[in-house]
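# Observations on the three-dimensional arrangement
Given next are the chains, with one letter for each unit.
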Amino acid sequence: MHLYILRRLLYTIPIIIGVSLVCFSFIHLAPGDPINSVLPEQASAEVVAQIKAAYGFDKPLPIQYLKWFSNVLSGDFGLSIMTRRPVLSEVGPAVAHTALLAVSATLLSFLLGTSLGLVAGMTTRRVTDRSVTAFSVVGISLPHYWLGMVMVVIFAVKMRMLPATGMGPAGADLTQFGIEDIKHLLLPAVTLAMIPTGIIARSVRATVAEVRRQDFVQTLKGKGLRRPRMFLHVIKNAAPPAIAIMGLQFAQLLGGSILVETVFSWPGTGFLLNAAISTRDLPLLQGTVIVLATFFVLTNVLVDIVQTLIDPRVRRA
Amino acid sequence: MTEIAVLPATAHTPARRPPQRGYWRNVLKRFLRDRIGLVCLMVLLAIALAAIFAPLLAPADPYRTSMIRRLIAPGEKGYLLGTDELGRDMLSRLLYGGRVSLSMGIAPIVLSTMIGGGLGVIAGYFGRHINMMIMRVIDVFYAFPSVLLAVAMAGVLGSGILNSLISLTLVFIPPIARVAESVTTQVRNQDFVEAARATGAGSARIIIEHVLANVTGPILTYASSLVSVSIIISSGLSFLGLGASPPTADWGLMLNTLRQAVYVAPVNAVLPGVMIFLTSVSFNLVSDSLRTAMDVRA
Amino acid sequence: MNMVDARDRGGPRQPLLTVEGLRKYFPLRNALGTVSAHVQAVDDISFTVAKGETLGVVGESGCGKSTTARLLMHLIERDAGSLLLDGDPVGSGGVSVRDLRRQVQMVFQDSYASLNPRHTAVAEIAFGLRVIGHRRAEAEAQARQTLRLVGLDPDQFAGRYPHEMSGGQRQRVNIARGLALNPRLLILDEAVSALDKSVQAQVLNLIEELKQRLNLTYLFISHDLNVVHYVSDRVLVMYLGKIVEIGPVDEIWRNAAHPYTRALFSSRLSMNPADRVVAPPLTGDPPSPVNPPSGCRFRTRCALAEPICAAVEPSLLAAGADAAHAAACHAVQAGSGHSLAGGMTHAA
Ligand SMILES: Nc1ncnc2c1ncn2[C@@H]1O[C@H](COP(=O)(O)OP(=O)(O)OP(=O)(O)O)[C@@H](O)[C@H]1O
Ligand SMILES: [Mg+2]
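On a predicted model such as this, the values are computed, not experimentally measured, just so you know.

### Details of the confidence of the model for chain B
Residue and element names in this part refer to chain B. Averaged over every residue, the pLDDT of chain B is 83; residues scoring 70 or more account for 91%. Between the elements of chain B, mean pLDDT differs from a low of 79, seen in helix H1 (residues 23-32), to a high of 93, seen in helix H7 (residues 161-188). The low-confidence segment residues 1-20, where pLDDT is below 50, has 40 contacts with residues more than four positions distant or belonging to other chains.

### Focus on the site of ligand 1
All names here are of chain C. Neighbouring residues of ligand 1: 14 residues in total, closest Ser61, Gly62, Lys65, Ser66 and Thr67. Ser66 places a polar side-chain atom, nitrogen or oxygen, 2.7 Å from an oxygen atom of ligand 1. Protein contacts shield 67% of the accessible area of ligand 1, which totals 640 Å² for the unbound molecule. Those elements that place two or more of their residues in the shell around ligand 1 are strand E2 (35-49) and helix H1 (65-72). By residue number, the principal contributor to the shell around ligand 1 is H1, which donates four residues.

### Here's the deal with the pattern of salt bridges
Residue and element names in this part refer to chain C. With the rule as written, the count across this model stands at 24 salt bridges over all chains. The residue Lys242 makes a salt bridge to Asp43 at a minimum N-O spacing of 3.7 Å. Remark: Asp43 occurs in strand E2 and Lys242 occurs in strand E10 (residues 242-248); sequence separation between them is 199 residues. Overall, Lys242 belongs to the buried group, its relative accessible area being 12%. Close ionic contact of Asp86 with Lys51 constitutes a salt bridge, the shortest N to O distance being 2.8 Å. Taken together, the residues span a long stretch of sequence, with Asp86 in the loop between strand E4 (80-85) and strand E5 (88-89) and Lys51 in the loop between E2 and strand E3 (54-58) at a distance of 35 residues. Residue classification places Asp86 among the buried positions, given a relative accessible area of 2%.

### With respect to the coordination of the magnesium ion (ligand 2)
Residues and elements named next belong to chain C. Donor atoms from the polypeptide that coordinate the magnesium ion (ligand 2) comprise Ser66 (OG) and Gln109 (OE1), at 1.9 to 2.3 Å from the metal. One end of the pair, Ser66, is in helix H1; the other, Gln109, is in the loop between strand E6 (104-107) and helix H3 (121-131), with 43 residues separating them in the sequence. Judged by relative accessible area, which is 23%, Ser66 ranks as partly exposed.

### A look at the sheet that holds E5 of chain C
Residue and element names in this part refer to chain C. Spatially, E2-E1-E4-E5 is the arrangement adopted by the four strands of the open sheet, whose pairing is antiparallel. The strands lining the two open edges of the sheet, one partner per strand, are E2 and E5. As paired elements, strand E1 (residues 17-29) and E2 share 10 bridges and run antiparallel to each other. Note on E2: the bridge partner recorded for Leu22 is Ile45. Here H1 sits on the sheet and contacts E1, E2 and E4; the angle it forms with E1, its principal contact strand, is near 115°.

### Here's the deal with the interface of chain A and chain B
With 46 residues of chain A at the contact, the number on the chain B side is 41 residues. For the chain A and chain B pair, buried surface summed over both sides reaches about 3700 Å², with 78% attributable to carbon and sulfur atoms. Looking only at chain A, the three residues that lose the most surface to chain B are Tyr145, Trp146 and Met149 of chain A, adding up to 17% of its buried area. For the pair chain A and chain B, the number of links is one salt bridge. Asp288 of chain B serves as the salt-bridge partner of Arg202 of chain A, at 3.0 Å between the closest nitrogen and oxygen. For the side of chain A that touches chain B, the element with the highest residue contribution is helix H7 (residues 144-158) of chain A, accounting for nine residues. In the side of chain A that touches chain B, the residues fall into 35 nonpolar, eight polar and three charged.

### Some remarks on the packing of aromatic side chains
Inspection of every chain in the model, using the stated rule, returns 11 aromatic pairs over all chains. Between Tyr125 of chain B and Phe126 of chain B, the ring centres sit 5.1 Å apart and the planes meet at 90°, which makes this aromatic pair edge-to-face. With a relative accessible area of 3%, Tyr125 of chain B lands in the buried category. Look at Phe126 of chain B and you get partly exposed, because its relative accessible area is 35%. Within the aromatic cluster, the residues linked to one another by ring pairs are Phe24, Tyr65, Trp68 and Phe69 of chain A. Across the ring face of Tyr142 of chain B, the terminal group of Arg178 of chain B is positioned such that the distance to the ring centre comes to 3.9 Å. For Arg188 of chain B, the ring lying beneath its charged end belongs to Tyr125 of chain B, and the centroid distance is 4.9 Å.

### Points about the packing of H7 of chain A against helix H9 (residues 203-239) of chain B
Following both chains from N to C, one finds H7 of chain A and H9 of chain B inclined at 60°, their axes separated by 9 Å at the closest point. Residues His144, Tyr145 and Met149 of chain A of H7 of chain A form the contact with H9 of chain B, whose participating residues are Ile231, Ile232, Ser235, Gly236 and Phe239 of chain B. For the contact of H7 of chain A with H9 of chain B, the per-class residue count stands at five nonpolar, three polar and no charged.

### Describing the environment of Val104 of chain C
Residues and elements named next belong to chain C. Positionally, Val104 belongs in strand E6. Look at Val104 and you get buried, because its relative accessible area is 1%. In this structure, the C-alpha to C-alpha distance between Val104 and Leu72, residues 32 residues apart in sequence, is 8.3 Å. Setting aside chain neighbours within four positions, we find Val104 in contact with Met73, Leu85, Pro183, Leu185 and Ile187.

### Section: the nonpolar core
Counting 137 residues, the largest nonpolar core has Val19, Phe26, Tyr145, Leu285 and Val289 of chain A together with Val151 of chain B as its most contacted members. Here the element with the most residues in this core is H9 of chain B; it accounts for 13 residues. Excluding its chain neighbours within four sequence positions, the residues that come into contact with Val151 of chain B are Ile258, Leu273 and Ile277 of chain A together with Leu237, Leu240 and Leu242 of chain B. Membership of the second largest hydrophobic core comes to 57 residues, among which are Val58, Ile175, Ala176 and Val227 of chain C.

### Description of unusual backbone geometry
Between Pro246 of chain B and Pro247 of chain B the backbone carries a cis peptide bond, its omega angle lying at 5°. Note that Pro247 of chain B resides in the loop between H9 and helix H10 (251-257). Its identity as a non-glycine residue notwithstanding, Asp44 of chain C has a phi of 60°, on the positive side. Judged by relative accessible area, Asp44 of chain C falls into the partly exposed class, the value being 43%. With a phi angle near 45°, Leu240 of chain C is a residue other than glycine that sits in the positive phi range. Summarising the element assignment, Leu240 of chain C is placed in the loop between strand E9 (234-239) and E10. On the accessibility criterion, Leu240 of chain C (6% relative accessible area) is buried.

### Let's talk about the environment of Ala69 of chain C
Residue and element names in this part refer to chain C. Structurally, the position occupied by Ala69 is in helix H1. By relative accessible area, Ala69 is classed as buried at 0%. The sequence separation of Ala69 and Phe220 amounts to 151 residues, and the corresponding C-alpha distance is 9.8 Å. If we ignore the near neighbours within four places in the chain, the residues touching Ala69 are Met106, Ile187 and Ile221.

### With respect to the packing of helix H1 (residues 2-29) of chain A against helix H6 (residues 146-157) of chain B
The interhelical angle for the contact between H1 of chain A and H6 of chain B, taken along N-to-C directions, is 25°, at an axis separation of 9 Å. In terms of orientation, H1 of chain A lies roughly parallel with respect to H6 of chain B. Crossing angle aside, the handedness with which H1 of chain A passes H6 of chain B is right-handed. Each of Val22, Phe26 and Leu29 of chain A in H1 of chain A lies in contact with H6 of chain B, whose residues at this interface are Ala152, Met153, Val156 and Leu157 of chain B. Taken together, the residues of the contact of H1 of chain A with H6 of chain B break down into seven nonpolar, no polar and no charged.

### Focus: the sheet that holds strand E12 (residues 326-327) of chain C
Residues and elements named next belong to chain C. If you trace the eight strands from one edge of the open sheet to the other, you get E6-E7-E8-E3-E9-E10-E12-E11, paired in mixed fashion. Each end of this open sheet is capped by a strand with a single partner; those strands are E6 and strand E11 (317-318). As defined by bridge partners, E3 adjoins strand E8 (residues 217-221) across four bridges and the pair is classed as parallel. Note that in E8 the partner of Thr54 across the bridge is Tyr218. Along the sheet, helix H10 (residues 259-266) makes contact with E3, E9 and E10, crossing E9 at roughly 100°.

### Some remarks on the layout of surface pockets
Residue and element names in this part refer to chain A. The volume enclosed by the second largest pocket comes to roughly 670 Å³. It is helix H6 (residues 126-141) that contributes the most residues to the lining of the second largest pocket, nine residues altogether. Here the residues of the lining of the second largest pocket sort into nine nonpolar, four polar and eight charged.

Parameters at a glance
- Residues numbered from 1 in each chain as written.
- Chains lettered and ligands numbered in written order.
- Predicted model: local features only at pLDDT ≥ 70, side-chain atom pairs only at ≥ 80, totals over all residues.
- Heavy atoms only, no water.
- pLDDT = per-residue confidence, 0-100.
- Helix = DSSP H or I, 4+ residues; strand = E, 2+ residues; numbered from the N terminus.
- Contact = heavy atoms within 4.5 Å.
- Near = heavy atom within 4 Å.
- Polar contact = N/O pair within 3.5 Å; in protein donor to acceptor, adjacent residues only side chain to side chain.
- Areas by Shrake-Rupley, 256 points an atom, 1.4 Å probe, with all protein chains shown as cover.
- Salt bridge = Lys/Arg side-chain N within 4 Å of Asp/Glu carboxyl O.
- Buried < 20%, exposed > 50% of the residue type's maximum accessible area, 1.4 Å probe, protein only.
- Donors = N, O, S within 2.8 Å, 3.2 Å for Na, K, Ca; no water.
- Pairing = 2+ DSSP bridges.
- Axes fitted to C-alpha atoms, helices over the stretch in contact; angles between N-to-C directions.
- Buried area = accessible area lost by both parts, 1.4 Å probe.
- Nonpolar A, V, L, I, M, F, W, Y, C, P; charged D, E, K, R; others polar.
- Phe/Tyr/Trp six-rings, centres within 6.5 Å; stacked < 30°, edge-to-face > 60°.
- Lys NZ or Arg CZ within 6 Å of the ring centre and 35° of its normal.
- Core = buried A, V, L, I, M, F, W, Y, C linked by side-chain atoms within 4.5 Å.
- Parallel < 35°, antiparallel > 145°, perpendicular 65-115°, else oblique.
- Left-handed = near helix turned anticlockwise from the far one by under 90°.
- 1 Å grid on protein atoms, 1.4 Å probe; cavity = no way out; pocket = protein on both sides within 12 Å on 5 of 7 lines; lining within 4 Å.
- Points joined across faces, edges and corners; volume = space filled by probe spheres on them.

See the structure below:
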């Protein structure tokens, strides 16, 4: 078991190297001369020479990669073309903003998803069960960026209850968090929570129904559990998969909030990525992607390990 | 010992059923009994037909702009679904939009099912080093959140339908390859594959005649469950301006250009999303019914 | 009744199959993916199969019977040893794997799992024929003939899928598939073990009849001693990857030399009390094939075990009056150093 965890941890190393290779290749995949994709417009000859030397474009590809990757490992992602500031100092705050959004959305979806799933699984009324199932299908199938627009229309345009876009004054600083910040957070977080809520509700409903089926059999044998005991039993069985899904969904949201961030002009990584793409700022794009992908990989490993610890039977390859 | 005559086996166990109809016909029968799946399939067919016959159905030219007829509310002045920010007829654009949006949702899945499914089957069948080589690369691409990979790739390659198709295909290859690899590994270790090898058949023949028959079902069901996600992400790319370019009629792109109009004409602005949602929900439910229909052994 | 097979090369005296020093160790991997140990599934076994005979193979579950069969079919690579098919070496330079599989076929242990759930009976049987170059229509016509040969009416069974047949019918299809390629040697791995007693008798009769009709040689693997006695000419007894005893069936039934063989018999329910050999029945599970006991592998469960058994591995030597009868046990080998064996250094 410890060996399994060790192996899982060790396996992240080649994966992250692979991820870095993919990110490295971005410069060469982009149309045009790779130099142009890392050069600001109207660069002087001096700057051109400097950047050529820095990226080693005259060297063979493997050398270029090694150079770039060793820089990345020491935290040097190069300079953003757009702002001429180090990429890392752009990505850092953006990641914090995205994380705030993703954490809120994940917690929200966990609360909502488990309650819906429990209600659907425990009820004997078909209507309730059906509605929750329908709700989760809708949640999974909604284009969330569109849902964001609809929310803006309803809560910001029509009802004027909440701000349409932007982040509160406190940013990601939780110590300064006030009512205004929560108001700004609400719409994007709810929007982002929609998909994971559907997924969690589905899984919890299935687990609960399964446990109840077993309990039903036991009742027939005359040794059924009492209701409160049964509820505990259900929770105990439904929790591990729900927690695992929550972790995996959190990981997806970290990298998947781009569209929602665009709708709400939330100053996170998605916003940054969008800006990087529209200004063809490849160093910024590379930096953002590699940081997000690393978080994604690490979160997945963490979920895997926690899951093995909770339930050693579940071992995903 | 030859005096014992060979008894016909039928003497012991009488035939239970007439010669059978085959697995897929059973699946079809079960699918047709599922009302929700059937309704959704109809919806999808209607959307697809509307897109195909858009030139016949559309009341107006989807590209003709009119400065004086901008953002007319649905139902007014003879526009059933109103007009967009350039005065183009919304209904016509939604009908035409289905062409790009539907193909851009389905094509990446078709491509990645062929590529990812092929890679997964090869990895699963041959195992060992071949499996290692293929699946490690797949794992790397699996290490990106799907939306991030799609956006980053499309962003790097530049906007356009082809680049968006490439990016989306890349996004869906890893999950499909993983499923294909795992079902193939299961099938590959079953005795009938070994029995086929015992006849002296080569790998290609065994894969085509013995393995594929048993893995295409699960791979296709899984792939069908991804179409809904593909529609959402591909429209999302257009929404970010990375997919179809103006003035193409495309649901995601329409959502993008109408975004500024959300304060003035909210209903118009939201309409293209309804189409995306309708399509994605239908695909989801059809794929669910398909899975249920295929679940039980015929 | 026996016609001369055109493929016969060495005449009736030459064994159809000669196995020398066959070995297969399966690597075991730990959680880190490195090989940490080996399952010694088949360890250095040698035997021959004569033309036209039925060689029975018996032994407890996990002793390596199926692994031996798969090695003979070249379905898994052997780690060591050689195979001679009618005098010709199998592998580099000699008989190709392709030829081997046309002359040796196998009926697999699990009749359900070894049929493709998506193929009809006729498609399954025709597959092998198409592999060797027949057109589909031709192959299917021949497959229908083979179905008839195994007692299944083609009109009724050709189009059936595995789940639409009973166990006995499925096993007939399996046999038909093996026979379709017209092999000389048919390996039957627990061909009747999963069947009801009455169906078992039918299939056994079929197997017997086909052998005569098609001039076949059988390697018949089973853990059911009564069945083996019924079909076999000679019997080979395996224990933990080794051959412990081999000889003519009646000789082994009357004068089993190895304590393991005797224990096997005593745990059997025999119809005939005179058949019963007095020996302590087997208790417990066999030791792990990953770390088999030193010397004689059976010593940990053997009532006759002495220090010599742990020190020296017994070799398979002639036992008893019949020259074809051999056993690997110190207790019956004169000069071995075992207290029950004679002191003479020259064996009979
Ligand atoms: N592919 C494999 N990898 C690792 N170990 C294996 C493999 N195949 C078989 N073994 C092991 O080799 C040993 C012999 O297996 P084998 O299937 O030959 O036994 P058997 O005598 O046919 O048993 P049974 O009567 O149950 O069919 C067993 O310990 C088994 O676990
Ligand atoms: Mg076996």
